[in-house]
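Reading the structure
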Amino acid sequence: TIGTNNGSLAVRVASDGNVGIGTTNPGAKLDVFGSARFTASSGDPIWIAANQNIKIFASETYNRNLEFNMYDSGTTSYRTVLFLEGATTGKGSVGIGTNAPDRLLHIYKATAGSVTATSDSQLVVENSAIAGIQLLGGAGSHGIIYFGNSGDNEDGRIGYDQSDQAFYFKTAGD
């Protein structure tokens, strides 16, 4: 036991080598009870790794981005699973499978080549082969994509009727 904080245990090193901060019975190599802060010096990232298979990467220097990576044994390198772009210096974009999102949400499986998304889009789904978005609804239900504007949130739509197995198009609220 190292020190106390107002009569409470501050730090404990257990006989198995586990270190507890704010706990008398640490259940892991480092067990913190209460809030925790990890601070790196300027330019240094903070890494959190689990068995060297998963890592979380955060850095002030790299535009306040946050990356969640998993180790790919096939390529023997880390691949980005989720990327959150720092909103203070960037667009606040989210990348799933990429650490370089083209737009606000970029879902990436494989490169589509040297093409980038149009500036009018907010969602990008990218793959080297078929890229798809699927709407799943209950039997007898509908799958619908709505189009709206500032005066009408349902100005138009494209839908698929599961019962009739037919597409339909509607405009101006009809």
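Up top is the structure these notes are about.
Residues numbered from 1 in each chain as written. Predicted model: local features only at pLDDT ≥ 70, side-chain atom pairs only at ≥ 80, totals over all residues. Heavy atoms only, no water.

**Quick look at the sheet that holds strand β14 (residues 166-171)**
Taking strand neighbours across the sheet as the criterion, the three strands line up as β12-β13-β14 in an open arrangement whose pairing is antiparallel. The open sheet terminates on both sides in strands that have one partner only, identified here as β12 (142-147) and β14. Adjacent strand axes in the sheet meet at a mean angle of 15°, parallel and antiparallel pairs treated alike. Direction of pairing for strand β13 (residues 156-161) relative to β14: antiparallel, over a ladder of six bridges. By the bridge assignment, Asp 161 is partnered in β14 with Ala 166. (Pairing = 2+ DSSP bridges. Helix = DSSP H or I, 4+ residues; strand = E, 2+ residues; numbered from the N terminus. Axes fitted to C-alpha atoms, helices over the stretch in contact; angles between N-to-C directions.)

**Description of the environment of Ala 110**
Here Ala 110 is to be found in the loop between β10 (105-108) and β11 (123-126). Each C-alpha atom, one on Ala 110 and one on Glu 126, is 6.5 Å from the other, the two residues being 16 residues apart in sequence. Excluding residues that lie within four positions of it along the chain, Ala 110 makes contacts with Glu 126, Asn 127 and Ser 128. (Contact = heavy atoms within 4.5 Å.)

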